[in-house]
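# Descriptive analysis of the structure
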Amino acid sequence: MLDIGHSGGVSGGMSDEIQRKWKEKGWLEALKNGNYDRSRVHLNFEIVDGKIQPVDTSRTIPKRIAQAVKERGLVDRNQGLPKPKYRTIANILFGGSRERMLEIAFGDQKIDLDGGDNSNVKRKPEIERWALDMYRFACKEWGKENVVSFVCHLDELNPHIHATILPVDHRNHLHFKNVFAGENKFDFRDKTLALHDRLAIVNKPWGLYRGEPKELTGAKHRSTEQYRRAVRRETQRLEQEIEENTSILNDLRDQIRLSQQAVKGLQTMIDNLRKEKIKAEDELAQLKKQAKTDAANRDELQKLIEAKEKALADIDAKITDKEAKQATAQGTLNSLLAEIGKNKETLSVLRDQTAQTRAERIHTQIMKAGFESVINSFGKLVTHLSSEQDKELFDGTMLSDLAKNGSKIVTCAGLLFAGMVDKATDFAHSNGGGGTSDQSPWGRDPKDDDRIWALKCLHQAHKMMKPAPKLTQTVSRGRRR
């Protein structure tokens, strides 16, 4: 297996996962949502300059990348941008079938993959030799100097390697497309197929054979473990984007405040200048009137008139200047207001996408809870099925409804689990459901673990997906505390 991903950089969350640099809270979250075995973490290793060593957690992967970019004078097109825009990092997974990878890593030792204690398990030298073969393959393909991190994980269900590669093109630019993709999808397909062919030759002595290429079948050959990891990383990426966009939003708000102050200040100046102009015009009119009747002081008055006319011309010039500056400031303000509107829309989309990916993360938990509920429901009813008429006992039960509409019920439950109550209600309505007439308080009890909460969401979704009664009500937004 060779899976090639890309990003505009490695986030702190992804770096912590690769290096297992979690604190206790991070470990609890990882163990709850992933297939990690803390008793095997000490078996993980990384390869640096062709040598096997323990995973170095003293420097994060982003810091390694930054150091490599600086030392080698690489051109990072994301530098200076408020958020990464270009694909400058390749995230590559090396692996194989679970059974064979476990054999390479642990030989005939018994591994408890259901959460038992594996602290006595030893790492076999075969896994190190395989990892070195993969490292040499990566160095040959993309350059030893571009291999920033090369970590072998032996604490998950399927041993694998996570490599962080700098895709450096012929111009010394970090450019994923030039290195991995090519000009179009056909170039990418051809490059990827050829890469898999070359890797298959290296993996053949290890009893690892490539399957039917996903570029030809369209299938995504991902284990449950890989799927969960992918969803978790997507959630981390979205959360990082939310953080970056929130920072941009705060900067825009500061700029808008300053622009509003500038527009207001210029308007005050213009108002004062217009008042000054009116006063000067009145004084000029008085001087001209006086000059007509006071012949003795006419020359002196003429000088005063000329000075006042010059002062008026200066005031007009100042007003013109301030009005031009105000127009520029107003244009800047309008642009910032438009930009902040777009940023808010982007944040809204990102938050929805994050909630959706979180819903995907608990999809399996809901499915597990649903199957258990179906089994329990069936166990209670099956003994009553003594005739065809008795089959009517199934009508309206979760068992029959899941059999008829299981996918939509589970989707609705996933939205509830993610806290997207409005979207869950809209989803139920748009699919023929009527919400629920249950008026009792509904929400997650602080004592509920994810499984209990998933089961509650499934039962609530089952109610919401039922056909609408005459008077429909949505889920109560209240939460128990």
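Thresholds, definitions, all that
- Residues numbered from 1 in each chain as written.
- Predicted model: local features only at pLDDT ≥ 70, side-chain atom pairs only at ≥ 80, totals over all residues.
- Heavy atoms only, no water.
- Helix = DSSP H or I, 4+ residues; strand = E, 2+ residues; numbered from the N terminus.
- Buried < 20%, exposed > 50% of the residue type's maximum accessible area, 1.4 Å probe, protein only.
- Contact = heavy atoms within 4.5 Å.
- Areas by Shrake-Rupley, 256 points an atom, 1.4 Å probe, with all protein chains shown as cover.
- Arc of directions from axis to C-beta.
- Pairing = 2+ DSSP bridges.
- Polar contact = N/O pair within 3.5 Å; in protein donor to acceptor, adjacent residues only side chain to side chain.
- Core = buried A, V, L, I, M, F, W, Y, C linked by side-chain atoms within 4.5 Å.
- Axes fitted to C-alpha atoms, helices over the stretch in contact; angles between N-to-C directions.
- Parallel < 35°, antiparallel > 145°, perpendicular 65-115°, else oblique.
- Nonpolar A, V, L, I, M, F, W, Y, C, P; charged D, E, K, R; others polar.
- Salt bridge = Lys/Arg side-chain N within 4 Å of Asp/Glu carboxyl O.
- pLDDT = per-residue confidence, 0-100.
- Phe/Tyr/Trp six-rings, centres within 6.5 Å; stacked < 30°, edge-to-face > 60°.

This part is about the overall build of the chain. Within the chain, the secondary structure is distributed over 14 helices and six strands. Taking all 481 residues of the chain together, the buried fraction comes to 41%. Within the chain, counting contacts between residues at least 6 apart in sequence, those at least 24 apart form 74% of the total. When the accessible surface of the chain is totalled, it reaches about 27,100 Å², and 52% of it is carbon and sulfur.

With that settled, the discussion passes to helix H4 (residues 98-106). The complete set of buried residues in H4 reads Met-101, Leu-102, Ile-104, Ala-105 and Phe-106. Viewed end-on, H4 has its buried residues packed into an arc of 165°, placing them on one side of the element. Contacts made by the buried residues of H4 are with helix H5 (125-142).

This brings us to unusual backbone geometry. Not every positive phi belongs to a glycine, and Asp-49 is a case in point at roughly 55°. Structurally, Asp-49 is set in the loop between strand S2 (45-48) and strand S3 (51-53). A relative accessible area of 53% means that Asp-49 is categorised as exposed.

This brings us to the pairing of strand S5 (residues 147-153). The buried fraction of S5 amounts to seven of the seven residues, a majority that puts the element mostly inside the structure. The sheet contact formed by S5 and strand S6 (residues 160-165) spans six bridges and is antiparallel. In the strand pairing of S6, His-153 is matched with His-160. In textbook terms, the turn of a hairpin is the stretch between consecutive antiparallel strands, and for S5 and S6 this stretch comprises six residues.

The next subject is the side chain of His-175. Among the secondary structure elements, His-175 is positioned in the loop between S6 and helix H6 (176-181). Within the structure, the side chain of His-175 is placed 3.2 Å from the backbone nitrogen of Asn-178, a separation counted as a polar contact. Aside from chain neighbours lying at most four places away, what touches His-175 is Arg-77, Arg-87, Pro-167 and Asp-169.

If you look at the biggest cluster of nonpolar residues, it comprises 37 residues, and the most contacted ones within it are Ile-92, Phe-94, Ile-127, Trp-130, Trp-142 and Phe-150. In terms of residues, this core owes the most to one element, H5, which gives 10 residues. Sequence-distant contacts of Ile-92, that is, excluding residues within four places in its chain, are made with Leu-2, Asp-3, Ile-4, Trp-142, Ile-161, His-162, Ala-163, Ile-165 and Phe-180. One finds Val-410, Leu-416, Met-420 and Trp-442 within the second-largest nonpolar core, a separate group that totals 21 residues.

Let us now look at the packing of H4 against H5. It is at 5 Å that the axes of H4 and H5 come closest, and there the two elements cross at 115°. When the interaxial angle is binned, H4 and H5 end up roughly perpendicular. From H4, Met-101, Ile-104 and Ala-105 reach across to H5, where they touch Glu-126, Ile-127 and Trp-130. Across the contact of H4 with H5, the residue classes break down as five nonpolar, no polar and one charged.

Right, let's talk about the pattern of salt bridges for a bit. Counting across every chain of the model gives 20 salt bridges. A salt bridge links Glu-46 to Arg-64, with the nearest nitrogen and oxygen atoms 3.1 Å apart. Of this pair, Glu-46 sits in strand S2 while Arg-64 is found in helix H3 (residues 61-72), placing the two residues 18 residues apart along the sequence. Per residue, the accessibility class of Glu-46 equals that of Arg-64, and both read buried. Note that Asp-321 and Lys-325 form a salt bridge whose closest N and O atoms lie 3.4 Å from each other. Taken together, the residues Asp-321 and Lys-325, both in helix H10 (residues 298-361) and four residues apart, mark about one turn of the helix. In this structure, a network of salt bridges that share partners links the residues Arg-20, Asp-155 and Glu-156.

Our focus in this paragraph is the environment of Gly-414. Assignment of secondary structure puts Gly-414 in helix H12 (residues 398-417). Its relative accessible area of 6% is what places Gly-414 among the buried residues. In this structure the C-alpha to C-alpha distance between Gly-414 and Ala-454, which are 40 residues apart in sequence, comes to 8.0 Å.

Within the secondary structure layout, Asp-16 lies in helix H1 (residues 12-19). Note on Asp-16: relative accessible area 26%, which makes it partly exposed. Separated by 44 residues in the primary sequence, Asp-16 and Thr-60 have C-alpha atoms spaced 7.6 Å apart. Leaving out residues up to four positions away in the same chain, Asp-16 has contacts with Lys-21 and Trp-22.

On to helix H13 (residues 421-430). Think of an α-helix as turning once every 3.6 residues; residues three or four places apart then point the same way. Taken together, the buried positions of H13 are occupied by Val-421, Ala-424, Thr-425 and Ala-428. Seen from one end, H13 has its buried residues packed into an arc of 100°, which puts them on one side. Summarising the geometry of H13, the exposed residues directed more than 90 degrees from the buried face are Asp-426 and Ser-430. Following H13 by one or two positions, Gly-432 has its phi on the positive side, about 90°.

Topologically, Asp-448 is positioned in the loop between H13 and helix H14 (450-464). Note on Asp-448: relative accessible area 12%, which makes it buried. Of the polar contacts made by the side chain of Asp-448, one reaches the side chain of Lys-456; its length is 2.7 Å. Apart from the residues within four sequence positions on either side, Asp-448 is in contact with Trp-453 and Lys-456.

Another point: the confidence of the model for the chain. In the predicted model, the chain carries a mean pLDDT of 80, and 77% of its residues have values of at least 70. Low pLDDT, under 50, characterises residues 212-221; the stretch is placed with 11 contacts to residues that sit more than four places away or in other chains.

What follows covers the packing of aromatic side chains. Evaluation of the coordinates by the stated rule reveals nine aromatic pairs. Ring centres of Phe-94 and Phe-137 lie 6.4 Å apart, and the angle between their planes is 85°; on these two criteria the pair is classed as edge-to-face. Here the residue Phe-94 occupies a position in strand S4 (residues 89-94), and Phe-137 occupies one in helix H5, the gap between them amounting to 43 residues. Of the two residues, Phe-94 and Phe-137, both sit in the buried class. Their ring planes at 40° and their centres at 5.4 Å tell us that Trp-142 and Phe-180 sit as a pair that is tilted. Here Trp-142 is found in helix H5, whereas its partner Phe-180 is found in helix H6, with 38 residues between them in sequence. Both residues of the pair, Trp-142 and Phe-180, count as buried. Through pairs of rings, three or more aromatic residues link up here, namely Phe-94, Tyr-135, Phe-137, Trp-142, Phe-150, Phe-176 and Phe-180.

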